[in-house]
Structures are given as C-alpha cells and as structure tokens.
Amino acid sequence: MLCFTAEQNETINLKYEARNLEIFQQKFEKIDFIKFPIPLRPFVTRNILVETFEEGEPLSVYLQGSESTQIKQRIAAMGVDMLLKMVFVDNFVHADLHPGNILVQGAQEFTSRQAERTTLVDMCDTLIVNVHPSRCPLRLVLLDAGMVAELQERDLENFRSVFTAVVLGQGETVAELILHHARANQCKDVEAFKSQMAELVNEARKSTVSLGKLQVALLLSQVFRLLMTHEVKLESNFASIMFAILVLEGLGRSLDPKIDILEAARPLLVKSAVSLI
C-alpha cells in the first residue's frame, strides 16, 4: 500500500489521479502486459491518495544495463503497443511517461523459449507435456497518472487522418487533409505547400520507416514547422500527445533500434483509411 499527500498545493487534486488510474485500468483490463496501481477507496481525498504498492524495476535499469536483447525488444514492443492504444484507440494518454514512471515486472521469469517452460515426459506410447507458466508475466506498470491528454473529437480525427496518410506515404494527401481541417488557413501558395509536404513525407518513407532511421516525433515537428512557414494553423492541443510520442520513441530506440512505430500503427489506421481520407 502506498500513500501520497498533496500538502499546501491547491492546484493538485489527487481525486483526479485516482479517477485517471481507474479509467486506465478499465481501458487496459484485457491487456495483461500493462498494469496500473489500484486506488484504495475510501482512502482517496483531494489531498490524500492511497493505492496498491507495485513492485518492479525502474525502466532505466534496462536502458543502461546489459540485459538480453530479447527482453529489451519485448519491453520496447509493449511500450509502443501501449502508446498506440492510448492515442488511436482510447484517446486517453498518460502524459508523463518518463522512465521513472514505468516499472518492469516479471523480468526474472521472462523467457522467449517455450521449451524452457515445459517438461516432456515419455511414458511408453504417450508423450506428456507439462507447461509451467511464469509466476508473473512480463509487464509494464505505469505510475503517476496525474496528467493525461485527450483530444476533442475533431482534433482526434485530424490527427488520425494525417497519421494514416503518413503511414500510406501519401504526402500530398497529408497537405490536403491539413488544409481542409485547418481552422485558420492563410496559405498563400497552396501548390508549394502540397509539394513540400509530399517531399517531406516521401523522403521519410524512403528511409525504411524504422525508428532506427526515422524519428516519428522529428517528422511531426517538421510537418508543424512547415505549417508555420505557410501560415496554416491547427488550433489543436497536440503538445502532450507529441511529448508522449517523443518520450516513448526515445525509450523504444534505446531498447530496440529496429522497432517500427509507423508499421505498428498501420493496423489501427489503415482499416479506417477509406473513411478518414
């Protein structure tokens, strides 16, 4: 059991963090590799939050340590899947995803080889396979859910549409979507804007679209820089979402340079591409 207090700070209401934790638990209820502390009601007030104590190792241990490549790759994949679900499925994003807020559980029992978890017994003509599941599955525990990010429906649609076009390598479509959804459009040279956007996206796609060669957050920042150059304004609160992508991308690159966040996002986006584009 863990207890947090918010003394002499009227801007902090720990009831919101408890609510956020419960929402995350509901949304990730069927995802066994992501876990959140459980608020212990009625011991939750504006200034006090009592929650379950979660054991685990800080993610930073795996960023700096000499653990196996397999476990690092698995942790990276879990982190990317978690972020994509938050952004594109739930529209409810943990906005403080630094390594200190992420614990790793079950690392000691983790193995990628089923043979190491089974016992084969040959009794005459019968082969008995005895499976020994891990006592604790490998999973990530997310702490400190006081800050979350949500987009308005229109902003979410814009974000998803643009991301879909990037995944499909459709640079001009990215520009057209942005121009269509822009709330303040003072672009003086539409054709130049579309051409430069197409070049930016197409060049990114040529680099194999892997995190080892392309930083997604960098690509998005270049897109928004182009918007500023051409005075195309999207009045959307993307800052927290962008920061979450930036942090998770950096962690993913450190753990597994070959992980591909755009390809991981493809199943979530392409299936609705017809309605979005």
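Please refer to the structure higher up on the page.
Residues numbered from 1 in each chain as written. Predicted model: local features only at pLDDT ≥ 70, side-chain atom pairs only at ≥ 80, totals over all residues. Heavy atoms only, no water.

A. Structural context of the pairing of strand E3 (residues 39-44). Note: E3 against strand E4 (residues 48-51), two bridges, orientation antiparallel. Directly across from Val44, in E4, lies its bridge partner Leu49. The loop that links E3 with its antiparallel partner E4 comprises three residues. (Pairing = 2+ DSSP bridges. Helix = DSSP H or I, 4+ residues; strand = E, 2+ residues; numbered from the N terminus.)

B. Representation of the packing of aromatic side chains in the model. Taken as a whole and assessed by the stated rule, the structure comprises six aromatic pairs. Members of the aromatic cluster, joined through ring pairs, are Phe24, Phe28, Phe36 and Phe92. We note Arg74 situated over the ring of Phe33; from NZ or CZ to the ring centre the distance is 5.3 Å. Positioned over the ring face of Phe28 is Lys85, at 5.1 Å from the centre of the ring. (Phe/Tyr/Trp six-rings, centres within 6.5 Å; stacked < 30°, edge-to-face > 60°. Lys NZ or Arg CZ within 6 Å of the ring centre and 35° of its normal.)

C. Focus on helix H4 (residues 153-167). For H4, spanning 15 residues, the distance from its first C-alpha to its last is 21 Å, which sits close to the expected 21 Å at 1.5 Å a residue. In terms of residue burial, H4 counts as a mostly covered element, since twelve of its 15 residues are buried. Those residues of H4 lying buried are Asp155, Leu156, Asn158, Phe159, Arg160, Ser161, Val162, Phe163, Thr164, Ala165, Val166 and Val167. Immediately downstream of H4, the backbone of Gly169 shows phi near 70°, a positive value. (Expected span 1.5 Å × (residues − 1). Buried < 20%, exposed > 50% of the residue type's maximum accessible area, 1.4 Å probe, protein only.)

D. Inspection of the environment of Val216 at higher detail. With respect to the element layout, Val216 can be found in helix H7 (residues 216-229). Given a relative accessible area of 3%, Val216 falls into the buried group. A C-alpha to C-alpha distance of 7.5 Å links Val216 and Glu249, two positions 33 residues apart in sequence.

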